[in-house]
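If you want the building blocks of each chain, they are given just below.
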Amino acid sequence: MQEVKLESLRVFASEVKPVIGKWAATVKHSEKVSDMIDTIIFGGATMTELANCPACGALYVKTAIALCNRCRQSKEERFDKVYRFLKKKENRTSTISRAVAHTGVAETEILGFIREGRLQLTDLPNFHMPCSFCGEATRNGRLCKSCEKRLQADMASLNNTKETAEADGYVNKQLHSRKYE
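Because the structure is predicted, anything quoted here is derived from the model rather than measured.

Engineer: Explanation requested: the overall build of the protein chain in the structure shown.
Structural biologist: Counting its regular elements, the protein chain contains six helices and four strands. Going from the N terminus to the C terminus, the protein chain shows its helices and strands as α-α-β-β-α-α-α-β-β-α. Expressed as a percentage of the 181 residues in the protein chain, the buried residues total 20%. Looking at the protein chain alone, contacts between residues at least 24 apart form 23% of all its contacts between residues at least 6 apart. Carbon and sulfur atoms make up 56% of the accessible area of the protein chain, which amounts to about 13,800 Å² in all.

And the structure:
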């Protein structure tokens, strides 16, 4: 029974592949797209992973961008709105709340564009990111100055603790070696 199914699948593949090949020849696209079409239609170990879009729940082929095409295009349109607003010289000194009011794009999404590196804080003097630890406004990365200093102090204390532990380990190693027995 299985042999019949495999044989019928082979016949189907041999009949369909030339049709797909003719279609692929009429449409201009890269070899990668052609390989992807073959992989999806004919299966194989390299079949692309399917996932649900986190924004809308639609099924899509998972890529480096974790959104379906419709949501990705919508996000690009929102980015373009913000970018066009901030591109105007008179709007470069605006705050995030003013950009939200004029573009209708959520503050969290604008902050996401900054985190992704698509908007640069150096070009926008009144934009501030919230500190990842305390939430205070900052312009120098993910941490405010006080949290950055606190983190550096914690790292230094951990480093000192590690050095002390290594020294203790070395002493214990000497005590337990056969050399001293």
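Engineer: How should helix α4 (residues 96-103) be read in this particular structure?
Structural biologist: The periodicity of an α-helix, 3.6 residues per turn, causes residues three or four positions apart to be oriented the same way. Taken as a whole, α4 has its buried residues at I96, A99 and T103. Mapping the buried residues of α4 onto a view down its axis gives an arc of 60°, with all of them on the same face. Exposed and facing more than 90 degrees away from the buried side of α4 are S97, A101 and H102. Where α4 is buried, its residues meet α3 (69-87) and α5 (107-115). One or two residues past the end of α4 sits G104, with phi positive at roughly 80°.

Engineer: What am I meant to see in the side chain of S94 here?
Structural biologist: Along the chain, the position of S94 falls in the loop between α3 and α4. Accessibility expressed as a relative area gives 2% for S94, which makes it buried. With near-sequence residues (within four places) excluded, S94 lies in contact with F85, L86, N126 and F127.

Engineer: Which parts of the structure should I look at to understand the pattern of salt bridges?
Structural biologist: The final tally for this structure, using the stated rule, is four salt bridges. Taking the shortest distance from any N to any O, the salt bridge between E116 and K75 comes out at 3.1 Å. Placement of the pair is E116 in the loop between α5 and β3 (129-130) and K75 in helix α3, with a sequence separation of 41 residues. Among the residues examined, E116 registers a relative accessible area of 44% and is labelled partly exposed. Residue R78 is joined to E109 by a salt bridge in which the shortest nitrogen-to-oxygen separation is 2.7 Å. Of this pair, R78 sits in helix α3 while E109 sits in helix α5, and the two are 31 residues apart along the sequence. Among the ionic contacts, a cluster of salt bridges with common partners joins K75, E76, E116 and R118.

Engineer: Looking at this structure, I do not really get the side chain of E109. What am I missing?
Structural biologist: Since its relative accessible area comes to 18%, E109 is described here as buried. Within polar-contact distance, the side chain of E109 engages the side chain of R78 at 2.7 Å. Once residues lying within four places of it in the same chain are set aside, the contact partners of E109 are K75 and R78.

Engineer: Could you clarify how one ought to interpret the packing of α3 against α4 in this entry?
Structural biologist: Helix packing for two helices is described by the angle between their axes and how far apart those axes are. Their axes nearest at 10 Å, the elements α3 and α4 cross at an angle of 120°. Both α3 and α4 take part in a crossing whose hand is right-handed. Taken together, the residues of α4 that come into contact with α3 (itself represented by K81, V82 and F85) are R98, A99, H102 and T103. Split by residue class, the contact of α3 with α4 holds three nonpolar, two polar and two charged.

Engineer: Explanation requested: the state of the cysteines in the structure shown.
Structural biologist: The final tally for this structure, using the stated rule, is zero disulfides. There is no disulfide at C144, and the cysteine sulfur nearest it, in C147, is 3.5 Å away. C147 sits in the buried class, given a relative accessible area of 1%.

The rules behind these values
- Residues numbered from 1 in each chain as written.
- Predicted model: local features only at pLDDT ≥ 70, side-chain atom pairs only at ≥ 80, totals over all residues.
- Heavy atoms only, no water.
- Helix = DSSP H or I, 4+ residues; strand = E, 2+ residues; numbered from the N terminus.
- Buried < 20%, exposed > 50% of the residue type's maximum accessible area, 1.4 Å probe, protein only.
- Contact = heavy atoms within 4.5 Å.
- Areas by Shrake-Rupley, 256 points an atom, 1.4 Å probe, with all protein chains shown as cover.
- Arc of directions from axis to C-beta.
- Salt bridge = Lys/Arg side-chain N within 4 Å of Asp/Glu carboxyl O.
- Polar contact = N/O pair within 3.5 Å; in protein donor to acceptor, adjacent residues only side chain to side chain.
- Axes fitted to C-alpha atoms, helices over the stretch in contact; angles between N-to-C directions.
- Left-handed = near helix turned anticlockwise from the far one by under 90°.
- Nonpolar A, V, L, I, M, F, W, Y, C, P; charged D, E, K, R; others polar.
- Disulfide = S-S within 2.5 Å.

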